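# Inside the fold
Listed below, chain by chain, are the residues.
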Amino acid sequence: MKLIMALIKPHKLDDVREALTGIGVVGLTASEVKGFGRQRGHTEIYRGAEYTVSFVPKVKIEVVVPDSQVDGAVEAILKSAHTGQIGDGKIFVYDVSSAIRIRTGESGDMAL
């Protein structure tokens, strides 16, 4: 099993969710986060005053999938989150050693 964590632009969340459910991913977690990468924030003008926004709003998506779905899920995120602009985000893939469904006690892929 793998944990796929993606940091994306907030307005792409629905597109990514639809793409993942379209390939059979049954659940995901989304959190509103702030951060910066190479773009190092940006400047905005508010009531005539310019100020620097150091942290850019993003959405962090976390989804655990069986090994057989990893490539499809990564590809679905890549295609649906892509805008071609700076700040499109990043995808990280981690190993998951175990998963257990609390309600039933199922473990492994059955818990997903």
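Residues numbered from 1 in each chain as written. Predicted model: local features only at pLDDT ≥ 70, side-chain atom pairs only at ≥ 80, totals over all residues. Heavy atoms only, no water.

### Examining the side chain of Asp88
Definition in use: Note on conventions: DSSP H or I runs of at least 4 residues are helices, E runs of at least 2 residues are strands, and numbering of each starts at the N terminus. Any residue under 20% of the maximum accessible area for its type is buried, any over 50% is exposed, and the rest in between are partly exposed; the area is computed with a 1.4 Å probe on protein chains only. Throughout this description, a polar contact denotes any pair of N or O atoms lying within 3.5 Å of each other; where both atoms belong to protein, one of them has to be capable of donating a hydrogen while the other can accept it, and for residues adjacent in sequence the pair is counted only when both atoms sit in side chains.
Of note, Asp88 is situated in the loop between helix H2 (70–81) and strand E6 (89–95). On the basis of relative accessible area, Asp88 is assigned to the buried category, the value being 16%. Reaching out from Asp88, the side chain makes a polar contact with the side chain of Thr83 at a distance of 2.3 Å. At a separation of 2.9 Å, a polar atom in the side chain of Asp88 contacts the main-chain amide nitrogen of Gly84.

### A word on the layout of surface pockets
Threshold: As defined here, a cavity is a set of points on a 1 Å grid over the protein atoms alone where a 1.4 Å probe fits but cannot get out. A pocket is an open set with protein on both sides within 12 Å along at least five of seven lines, and residues line them when an atom is within 4 Å of a point. Grid points are joined across faces, edges and corners, and a volume is the space filled by probe spheres set on the points.
Computed from the structure, the largest pocket encloses a volume of approximately 300 Å³. What lines the largest pocket is a set of 13 residues, and nearest its centre among them are Phe36, Gly37, Lys58, Gly89 and Lys90. Residue assignment for the lining of the largest pocket shows that the elements contributing at least two residues are strand E2 (29–35) and E6. In terms of residue count, the dominant contributor to the lining of the largest pocket is E2 (three residues).

### Points about the side chain of Lys12
Topologically, Lys12 is positioned in the loop between strand E1 (2–8) and helix H1 (13–22). For Lys12, a relative accessible area of 13% translates into the label buried.

### As for H2
We count it as follows: Helix span, as expected, comes to 1.5 Å for every residue beyond the first. Arc definition: directions from the helix axis to the C-beta atoms.
With twelve residues, H2 extends 16 Å between its outermost C-alpha atoms, agreeing within 8% with the 16 Å of an ideal straight helix rising 1.5 Å per residue. By the burial criterion, the buried members of H2 are Val70, Ala73, Val74, Ala76, Ile77, Ser80 and Ala81. The buried residues of H2 all sit within an arc of 160° when viewed along its axis, so they share a single face. Turned more than 90 degrees away from the buried face of H2, the exposed residues are Asp71 and Lys79.

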